[in-house]
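Structural overview
Residue-level listing of the chains:
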Amino acid sequence: MVKGASQVAKQAPKPKLYSGARKTARATAAVTAGIGRIRINGTPLEIWEPEVARMHIMAPAAIAGEAREKYDLNVSVSGGGFMSQADAVAMAVARAYADLSKGGEMREKMRAYNKYLLSGDPRQAEPKKFGGPGARRRRQKSYRRWVNVTRKLLL
């Protein structure tokens with residue numbers, strides 16, 4: 001028997017990857033067989049801060065119910081703010097549990113809870129334009145401002 005072939009047989013199976021995104025935040029969930037642990041960038045979900053983001057991420061896991069106890073998820077997330085990262089992680093977790101469960105029942109539960117958990121939220125920040133401090137904001141128009149300037153010139 002070939003030495004390399006026995007080493008390949010002993011290796012653990014590759015984890016299945018699922019992605020999620022929101023604004024500029026990107027998350028990738030690696031799913032392996034396990035006991036229901038969820039880690040985000042190496043940190044257990046139970047101690048993830050802030051609490052609002054943690055509750056948002058726990059929602060798909062709570063919907064999954066007993067299916068959660070069969071798999072471990074290691075999620076890596078980067079970019080964006082804390083809430084965009086929470087949305088991206090929640091989407092990756094929801095997609096993982098929906099794909100791993102047989103039948104479309106889990107997908108329907110996720111979609112009933114939040115339609116953006118599986119498909120994503122298309123809203124993005126609008127780019128800044130010239131002539132003002134932001135995308136839409138401009139200096140307030142005033143007709144009387146020039147009246148005072150011309151009056152001072154005439155006096």
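Residues numbered from 1 in each chain as written. Predicted model: local features only at pLDDT ≥ 70, side-chain atom pairs only at ≥ 80, totals over all residues. Heavy atoms only, no water.

Two elements in contact, helix α2 (residues 51-64) and helix α4 (residues 105-113), have axes whose closest approach is 10 Å; the angle formed by their N-to-C orientations is 140°. By the criterion of interaxial angle, the relationship of α2 to α4 is oblique. The interaxial crossing formed by α2 with α4 has right-handed handedness. Listed contacts from α4 to A59, P60, I63 and A64 of α2 are M106, K109, M110 and Y113. (Axes fitted to C-alpha atoms, helices over the stretch in contact; angles between N-to-C directions. Helix = DSSP H or I, 4+ residues; strand = E, 2+ residues; numbered from the N terminus. Parallel < 35°, antiparallel > 145°, perpendicular 65-115°, else oblique. Left-handed = near helix turned anticlockwise from the far one by under 90°. Contact = heavy atoms within 4.5 Å.)

When their charged atoms lie close together, side chains carrying opposite charge are able to pair. For the coordinates displayed, the defined rule picks out eleven salt bridges. The partner of K16 in a salt bridge is D99, and the shortest N-O contact between them spans 3.4 Å. Residue K16 is located in strand β1 (residues 16-22), and its partner D99 is located in helix α3 (residues 82-100); the two are separated by 83 residues in the primary sequence. Note on K16: relative accessible area 47%, which makes it partly exposed. (Salt bridge = Lys/Arg side-chain N within 4 Å of Asp/Glu carboxyl O. Buried < 20%, exposed > 50% of the residue type's maximum accessible area, 1.4 Å probe, protein only.)

Spatial strand order, β1-β2-β5-β3-β4: five strands in an open sheet with mixed pairing. Lying at the two open borders of the sheet, with one neighbouring strand each, are β1 and β4 (43-44). Both β1 and strand β2 (residues 25-33) contribute to a ladder of seven bridges, which runs antiparallel. Along β2, the bridge assignment pairs S19 with T28. (Pairing = 2+ DSSP bridges.)

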